[in-house]
Amino acid sequence: TALEMFDRSSGINAEYGDSNGDENWSSMWDLLQKSDWEADQKKYIAALSRTNSTDKLDRMVDASFEEKPKGDCWRYLSYISSQGGHLEYAWQTLQDRWDDYATKYNSTSFTMGYLIEIPADFDTEDKYTQVKKFFDSKSDNIGTGLKTVSETLATIKNNIEKRKKYGTVIKNWLTTL
């Protein structure tokens with residue numbers, strides 16, 4: 001059963017580890033498709049997002065646009081970024097499929113904010129410029145997400161400053177462990 005395959009108390013896939021193996025990932029995918037409980041769906045999507053396979057990540061994103069996806073459409077890409085550690089993949093996918101997301105959620109949906117926050121973990125001037133340029137070019141269909149864009153850009157600037165201030169100290173500390 002799903003309960004036996006998934007350790008609900010820890011949120012970690014107990015039987016299948018990080019879902020990287022083809023069989024393990026497929027089994028976890030099947031569990032997601034059978035689940036009607038949102039809390040389990042969130043955990044399955046988080047576990048599935050930890051794969052190192054771009055094809056599997058693509059499958060997740062494509063499935064998120066189905067008429068009735070398991071879990072909210074935005075959650076797949078957000079979790080791929082935050083839970084799966086695939087920030088670059090998620091950022092590129094957001095750019096490539098922006099119009100699909102904008103159509104799905106329209107410019108008045110607060111849900112767009114979850115997607116707009118995806119690049120907030122960047123910490124370089126180059127990425128800041130890239131993110132700003134992208135969202136500036138999409139200002140016609142961001143709508144209520146404009147505030148989130150400014151917050152995301154401020155977060156990236158803050159990350160840049162933290163990296164400048166503490167980056168060397170943290171690097172040196174980590175190399176001494």
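These remarks concern the structure in this document. No experiment lies behind these values; they were computed from the predicted model shown.

Before going further, it helps to spend a moment on the overall build of the protein chain. Helix and strand counts for the protein chain come out as ten helices and zero strands. Each helix and strand of the protein chain, ordered N terminal to C terminal, gives the series α-α-α-α-α-α-α-α-α-α. When the 177 residues of the protein chain are sorted by exposure, 44% land in the buried category. Taking as baseline every contact in the protein chain between residues at least 6 positions apart, the subset at least 24 positions apart corresponds to 69%. For the protein chain, the computed accessible surface area is about 9900 Å², with 49% contributed by carbon and sulfur atoms.

On the surface, Tyr166, Ile170, Trp173, Leu174 and Leu177 cluster together to form a nonpolar patch covering roughly 590 Å² of accessible area. Among the residues examined, Leu174 registers a relative accessible area of 47% and is labelled partly exposed.

Attention now moves to the packing of aromatic side chains. If you walk through the whole model with that rule in mind, you get ten aromatic pairs. Seen in terms of ring centroids, Trp74 and Tyr114 are 4.1 Å apart; in terms of plane orientation they differ by 20°. Their pairing is stacked. Taken as a pair, Trp74 in helix H5 (residues 73-82) and Tyr114 in helix H8 (residues 112-116) lie far apart in primary sequence, 40 residues in all. On the accessibility criterion, Tyr114 (33% relative accessible area) is partly exposed. Taking the centre distance of 5.2 Å and the plane angle of 70° together, the rings of Phe134 and Phe135 count as edge-to-face. Aromatic rings pair up to connect Trp91, Trp98, Phe122, Phe134 and Phe135 into one cluster. Over the aromatic face of Phe122 sits the side chain of Lys127, whose NZ or CZ is 5.0 Å from the ring centroid. If you follow Lys157 out to its NZ or CZ, it ends over the ring of Tyr128, 4.4 Å from the centre.

What counts, and at which threshold
Residues numbered from 1 in each chain as written. Predicted model: local features only at pLDDT ≥ 70, side-chain atom pairs only at ≥ 80, totals over all residues. Heavy atoms only, no water. Helix = DSSP H or I, 4+ residues; strand = E, 2+ residues; numbered from the N terminus. Buried < 20%, exposed > 50% of the residue type's maximum accessible area, 1.4 Å probe, protein only. Contact = heavy atoms within 4.5 Å. Areas by Shrake-Rupley, 256 points an atom, 1.4 Å probe, with all protein chains shown as cover. Patch = residues over 30% accessible without salt bridge, like charges linked within 9 Å, V, L, I, M, F, W, Y side chains within 5 Å. Salt bridge = Lys/Arg side-chain N within 4 Å of Asp/Glu carboxyl O. Phe/Tyr/Trp six-rings, centres within 6.5 Å; stacked < 30°, edge-to-face > 60°. Lys NZ or Arg CZ within 6 Å of the ring centre and 35° of its normal.

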